[in-house]
Amino acid sequence: MNRIAKGSPAAFDATEVFPCPDPVSIFRVMAVSREAETRESILFRQGRGQFHLPSAGHEALAGLSSLIGPRDYTYCYYRDRALLLGMGVPLYDIALGYFAKAESSSGGRQMASHFSFPEKRIMSCATPTGLQCLPAAGTAAALKRDGKGGIALCCIGDAAARQGEFFEAVAMALQDRLPVVFLIEDNGFGVSTRTDHMNPVSLGFFNPEIVRDFDGRDPLALRNDMRPVLGAIRAGEGPAVVRIRFDRLMSHTSSDDHTRYRSAGEIREMERRDPLVTYGRHLVESDLIDAREEAAIREAAQHFVRETYRRAEAAPAPDPQGAMTNIFARQEKRPGAPVPPAPEGTEEWTMGRAFNTALGTILESNPSALVFGEDVEDPKGGVFGLTKGLSTRYSGRVTNSPLAEATIAGMASGYGVAGCLPIFELQFIDFIGPAFNQIVNQIATLRWRTAGRSACPLVIYAPCGSFISGGGPWHSQTNESWLAHSPGLKVYMPSTADDAASMLLHAAAGADPVMLLLPKNLLQKSMPREPAASLHPERARVRVSGGHVTIAAWGNCVSLALRAAGSLAEAGVEAEVIDLPSIVPCDWQTLRASVRKTGRLVVVQEDNRTCSFGQAIISELTGDPKTWESLYAAPQLVTREDVHVGFSAVLETAVLPNHEKIIRAVEQTLGEKL
Ligand SMILES: Cc1ncc(C[n+]2csc(CCOP(=O)(O)OP(=O)(O)O)c2C)c(N)n1
């Protein structure tokens, strides 16, 4: 037995980490964790820390740390300090996070207690509660595919277990018997709301065979309870949901005061069950340590924590010059991920066929590439046939998802961090709503919020747009502006078949998440082949050169712009048509050069007006003094107004950009009727 810490502060040295297989080591971890709470709350009250999010009461989680192996991934919750210390995370790193220091695991970007240690496969905890569940399922799916063992541990609070994504994640895990445990840390509260009548275990939501209910106040009992559960998951028996009961001994955070909603009696009662006190007593009663040693461990922990936080407080703050880093990868391509050559040919083809061919090329050349989406399997091969033939050729790698867009995006993220290459389909971009949380909060932020330590390169593609007649409000949207507004996502929309193919090939070799929007109006249209593959998808294409007016467009609107340019040419007006296949990043240089040359700008878009990318272009160019000086007239935006697309063809046509509207806009910039 490890009889340590004889009262000397040196019992914890400054670099100490705490792998804790034995009962006394577990106590040491719990003591350090609790002392860190005390220290953080004092520092907060002294104005030396910005926020304190306590784990007090959840310390017995330290008992689980020795059950977690090097192949396992942990999607932790913000009350998991003791668990992480037990897994070997140095307290110093946690202290750096508390002070938001440059060298902390998020580089000072995440709030205190939003842990992330990817080198130990501890994945970044984000603030939106429940966000971790679907990525954990995705990572578990990657571990299952990889077949080398390893499970995913997904920690979540009892209140957060009412988020829809939690249920989707459990359903996905059950469906595919994924090696994942959902660990509900039930302290009975979501901030001030009592959850005993709300949480899904109390509601009897799950089949009792997959749910376990354990007490979380004794680390050894918890470890004994959890060992067979994790063993069964490792043996391939599928997922489990475990509810562990804790007490939240402190207020929710430093912004909360639990005495406003808990009686003094209730708090006293809870403190009587304090796991640190009861476990310390148990060790003494079991003669594993004596009372003096118990006190010495507590004292040594206090000293160690104070010293560690003192050092961390002195560490450098983040450099403000670095605030813009790690939104995207520094290297555009993933190392060792060459862009396969674009499919060659001379016959006309459609965007749908081009995309399908490029997808086949990727699946052929990259065994880690996976496709997942609604109806993507043969014989349907996707509602637009984009995956036709591929599930037959690449069995088990092109699979039907449930009808659950959050699942599609969340699984993509979890697969991505585990080294797979997800190229996942949303059936229509109009149905991005349920996936939005995963796309903008998880996928788009992961690299930034871990200061580049984690990332999930992936491609999510979706048919988009109108001009097909009869799409109605939810088969007509493009939504590039929503996506462009979210830092960390690349957003592409091709206007030609060859561009679609080359974009997909580039995106799949890239280091960043890409949203690839495919105008469905173009998917079945035959188009001549073009040497587009030689062009980088993030560079604008000058489709027609001209000196009198610049018309900028993307996707469906490029063909409208080209037609308008033809009509204008007949009237003696030379339009320059700039196709922007990449919305993010946008090729501002080409746009600026064109507008400085022509002095006039018309932007044409399908998306609606307010806060749209079209407005952003006008704002960006008119805000540039040199471009502003070159303008002869106010830039014009041809757009759908702030209105939805109606099902009636009459209503659809009424709101979309068209030839006439573009010509009128050009006339406006010329100051004359043509
Ligand atoms: C999606 C989302 N909604 C609301 C919040 C604000 N919020 C932060 S923690 C919290 C309560 C979470 O309770 P629970 O999941 O039981 O965990 P506990 O804090 O009790 O450990 C709330 C409402 C949030 N962070 N994310």
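None of these values were measured; they are calculated from a predicted model. (Residues numbered from 1 in each chain as written. Predicted model: local features only at pLDDT ≥ 70, side-chain atom pairs only at ≥ 80, totals over all residues. Heavy atoms only, no water.)

## Focus: the overall build of the chain
Check the secondary structure of the chain and you find 23 helices and 22 strands. Taken over C-alpha atoms, the radius of gyration comes to 29 Å for the chain, in line with the 26 Å a tight globule of 674 residues would show. In terms of its C-alpha atoms, the chain occupies a principal-axis envelope of roughly 95 × 55 × 45 Å. If you take every contact in the chain between residues at least 6 apart in sequence, the share linking residues at least 24 apart comes to 78%. For the chain, the exposed area adds up to about 26000 Å²; of that, 53% sits on carbon and sulfur atoms. (Helix = DSSP H or I, 4+ residues; strand = E, 2+ residues; numbered from the N terminus. Rg over C-alpha atoms; globule rule 2.2 N^0.38 Å. Contact = heavy atoms within 4.5 Å. Areas by Shrake-Rupley, 256 points an atom, 1.4 Å probe, with all protein chains shown as cover.)

## Topic: the nonpolar core
Ranked by internal contacts, the top residues of the largest apolar core, which has 144 residues, are Phe166, Phe182, Met226, Tyr309 and Ile439. Per-element tally for this core: the top contributor is helix α1 (residues 23–45), with 9 residues. When neighbours within four sequence positions are excluded, Met226 is seen to be in contact with Leu64, Leu67, Val181, Leu183, Phe214 and Val242. Core analysis: the second largest hydrophobic core is formed by 34 residues, Trp349, Met351, Leu386 and Ala501 among them. (Core = buried A, V, L, I, M, F, W, Y, C linked by side-chain atoms within 4.5 Å. Buried < 20%, exposed > 50% of the residue type's maximum accessible area, 1.4 Å probe, protein only.)

## Points about the pattern of salt bridges
This structure, assessed with the given rule, holds 30 salt bridges. Notably, a salt bridge pairs Asp512 with Arg447, separated by 3.3 Å at the nearest N-O pair. Linking Asp512 in the loop between α16 (497–509) and β15 (514–519) with Arg447 in helix α14 (residues 446–449), this pair joins segments that are 65 residues apart in sequence. Like Asp512, the residue Arg447 is buried in the burial classification. Note that Arg543 and Asp499 form a salt bridge whose closest N and O atoms lie 3.1 Å from each other. With a gap of 44 residues between them, Arg543 in strand β17 (residues 541–544) and Asp499 in helix α16 connect regions that are remote in the sequence. Residue classification places Asp499 among the buried residues on the basis of a relative accessible area of 0%. Connected through shared salt-bridge partners, Asp499, Glu530, Arg541, Arg543 and Asp579 make up one network. (Salt bridge = Lys/Arg side-chain N within 4 Å of Asp/Glu carboxyl O.)

## Details of the environment of Leu390
Its place among the elements puts Leu390 in helix α11 (residues 390–393). You can call Leu390 buried: its relative accessible area is 0%. Separated by 291 residues in the primary sequence, Leu390 and Phe99 place their C-alpha atoms 50 Å from one another.

## Section: helix α6 (residues 219–234)
Residues spaced three or four apart along an α-helix face the same direction, because each turn holds 3.6 residues. For α6, which comprises 16 residues, the first-to-last C-alpha distance of 21 Å matches the rise-based estimate of 22 Å (1.5 Å per residue) to within 8%. Of all the bends in α6, the largest measures some 30 degrees and sits at Met226, one to four residues before the proline Pro228. Every buried residue of α6 is listed here: Pro219, Leu220, Leu222, Arg223, Met226, Val229, Leu230 and Ile233. Where the residues of α6 are buried, they touch α1, β4 (180–186), β7 (211–215), β8 (240–245) and α8 (275–285). For α6, the side-chain oxygen to backbone nitrogen distance between the N-cap and Leu220 is 2.9 Å, and the N-cap itself is Asp218. Remark: Gly236 follows α6 within two positions and exhibits a positive phi of approximately 90 degrees. (Expected span 1.5 Å × (residues − 1). Bend = angle between axes of the 7 residues up to and from the residue. Polar contact = N/O pair within 3.5 Å; in protein donor to acceptor, adjacent residues only side chain to side chain.)

## Notes on the sheet that holds strand β21 (residues 601–608)
Sheets are built from strands that pair by backbone hydrogen bonding, the pairs being arranged parallel or antiparallel. The strand order across the open sheet formed by 5 strands is β17-β19-β18-β21-β22, and the pairing between neighbours is mixed. At either margin of the open sheet sits one strand with a lone partner, and together these are β17 and β22 (636–640). Each strand of the sheet is rotated relative to its neighbour by a mean of 25 degrees, with strand direction disregarded. Where strand β18 (residues 549–553) and strand β19 (residues 575–579) come together, 5 bridges link them in parallel fashion. When the bridges of β19 are listed, Ile551 appears paired with Val577. Contacts from helix α20 (residues 613–622) reach β21 and β22 within the one sheet, and its direction differs from that of β21 by about 150 degrees. Sitting on the sheet, helix α23 (residues 659–670) is in contact with β18, β21 and β22, with an inclination near 160 degrees to β22. (Pairing = 2+ DSSP bridges. Axes fitted to C-alpha atoms, helices over the stretch in contact; angles between N-to-C directions.)

## Remarks on unusual backbone geometry
The residue after Asp378, namely Pro379, is reached through a cis peptide bond having omega 5 degrees. Following the sequence through the fold, Pro379 ends up in the loop between β10 (369–373) and α11. Here the bond from Val584 into Pro585 is cis, since omega is -5 degrees, no more than 30 degrees from zero. Topologically, Pro585 is positioned in the loop between β20 (582–584) and α19 (588–598). The phi angle at Ala451 is positive, at roughly 50 degrees, despite the residue not being glycine. Within the secondary structure layout, Ala451 lies in the loop between α14 and β13 (459–464). In this model, Ser469 sits at a positive phi of 65 degrees, which is unusual for a non-glycine residue.

## Side note on the sheet that holds strand β14 (residues 490–492)
Taken in spatial order, the 7 strands line up as β11-β10-β12-β13-β15-β14-β20 in an open sheet, and their pairing is mixed. The open sheet has two edge strands with one neighbour each: β11 (398–400) and β20. Averaged over all neighbouring strand pairs, the angle between strand axes comes to 20 degrees, with direction disregarded. The pairing of β10 with β11 spans 3 bridges and is parallel. Residue pairing for β11: Val371 is matched across the bridge by Val398. Those strands touched by helix α12 (residues 405–417) are β10, β12 (421–425) and β13, and its axis lies near 170 degrees from that of β12.

## Observations concerning the site of the ligand
Every one of the 16 residues lining the ligand counts as a neighbour, but Tyr77, Tyr78, Arg79, Ala159 and Phe189 are closest to it. A distance of 2.6 Å is found between an oxygen atom of the ligand and a side-chain nitrogen or oxygen belonging to Arg79. Its residues assigned to classes, the shell around the ligand shows 7 nonpolar, 7 polar and 2 charged. (Near = heavy atom within 4 Å. Nonpolar A, V, L, I, M, F, W, Y, C, P; charged D, E, K, R; others polar.)

## Observations concerning the domain arrangement of the chain
Each assigned domain of the chain is listed here: domain 1 (9–134 + 148–156 + 177–315), domain 2 (358–533) and domain 3 (541–670). Once you take the C-alpha centre of each, domain 1 and domain 2 turn out to be 37 Å apart. Contacts between the two partners involve 18 residues from domain 1, matched on the other side by 18 residues from domain 2. Note on domain 1 versus domain 2: buried area summed over both sides is about 1500 Å², and carbon and sulfur give 58% of it. (Domains from an automatic or database assignment. Buried area = accessible area lost by both parts, 1.4 Å probe.)

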